[in-house]
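Observations on the three-dimensional arrangement
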Amino acid sequence: MKPCRSLLFLPATAEHLWPKATERGADALVVDLEDSIPPDRKAAARPMARTAVADLARRGATVVLRVNADPAHWQQDLDGMPVDALATVMLPKVETPGQVDALAHALEALGGGHPPPIAALIETPRGVLAARELAAHPGLCALGFGAEDYAACLGVPASPAALSWPAHQVLTCSHAHGLQCWGLAASIAEIQNLAAFEQTVLAARAMGFTGSVCIHPRQVPVVNRGFSPSAEERAWAARVVAADQAARVAGLGAVLLDGRMVDKPIVDRARRWLDAPP
């Protein structure tokens, strides 16, 4: 799956949101069959989800499907689903590799040998403790950290004080296996005070998250901007790469720039920033 900074949730029953969904600027659109759909609406939502996935993919969107956690429910979620139109399938409340195995096998059977990868959402203390084993699963493209659900398990607000440690655990395991890692170490619920939300996003990027889900279109530009290098960072990166090239010509492995030593790890980060989408 291509790198995604922003993943905008669309409840499967929210047909009125579909026409403009591809104009919101999100890197991916998540058709949701889990938390945004009440239990008594799940059956009605499934055919609507199939229609939404096909329509959004036809219009060029990167489409993700969030299924329900219970295998009996996600099997129904996938029934008749055009899985070849999906960039990935989000599996919530993941706590064991066996949960990923079961979904991976089902997707392989449905996907004609080219199943979409899985994004495992870690939302509980058990999931955090299993993150090391989960991240090693070959069927994954990403881990997601569910801050609100995790905080609910603890019985506390979704604050950095409660979420920093588990977020770092998920991040470390994700990066150890080359996975994308989506999430915030704070609440995702802020849609009015976007200045405060931006600080949350910037803190998440500073921790190592690569993107975040969005629950409202207002959050999308903030997330895209927050998880992209700033103009100042790009300018710095260009100077670092130029200094590195000059050092190589001179036969040096490191060079002094702005009073700081620049060597390979710093050059690698600079190159990643220059390669990142604007």
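On to the packing of aromatic side chains, then. Per the counting criterion, the structure on display carries one aromatic pair. Aromatic pair F145 and Y150: ring centres 5.7 Å apart, planes at 50 degrees, arrangement tilted.

Right, let's get into the sheet that holds strand β2 (residues 28-32). Across the sheet, which stays open at both edges, the eight strands sit in the order β7-β6-β5-β4-β3-β2-β1-β8 with parallel pairing between neighbours. In the strand order of this sheet, the two ends are held by β7 (180-183) and β8 (212-214), each with one partner. Each strand of the sheet is rotated relative to its neighbour by a mean of 25 degrees, with strand direction disregarded. As paired elements, strand β1 (residues 6-11) and β2 share five bridges and run parallel to each other. By the bridge assignment, L8 is partnered in β2 with L29.

The next thing to look at is the pairing of β1. Taken residue by residue, a regular strand's side chains alternate between the two faces of the sheet. Within β1, five of the six residues are buried, which leaves it mostly tucked inside the rest of the structure. Taken together, the three bridges between β1 and β8 define a ladder with parallel strand orientation. Along β8, the bridge assignment pairs S6 with S212.

Here the focus is the packing of helix α9 (residues 194-207) against helix α10 (residues 219-226). In a pair of packed helices, the angle between the axes and the distance between the axes together describe the arrangement. In contact at an axis separation of 9 Å, α9 and α10 are set at 35 degrees when each is read in the N-to-C sense. As for how α9 packs across α10, the hand of that crossing is right-handed. Residues L194, F197, E198, V201, L202 and R205 of α9 form the contact with α10, whose own contacting residues are Q219, V222, V223, R225 and G226. The class makeup of the residues in the contact of α9 with α10 is six nonpolar, two polar and three charged.

Cut-offs and rules
- Residues numbered from 1 in each chain as written.
- Predicted model: local features only at pLDDT ≥ 70, side-chain atom pairs only at ≥ 80, totals over all residues.
- Heavy atoms only, no water.
- Phe/Tyr/Trp six-rings, centres within 6.5 Å; stacked < 30°, edge-to-face > 60°.
- Pairing = 2+ DSSP bridges.
- Helix = DSSP H or I, 4+ residues; strand = E, 2+ residues; numbered from the N terminus.
- Axes fitted to C-alpha atoms, helices over the stretch in contact; angles between N-to-C directions.
- Buried < 20%, exposed > 50% of the residue type's maximum accessible area, 1.4 Å probe, protein only.
- Left-handed = near helix turned anticlockwise from the far one by under 90°.
- Contact = heavy atoms within 4.5 Å.
- Nonpolar A, V, L, I, M, F, W, Y, C, P; charged D, E, K, R; others polar.

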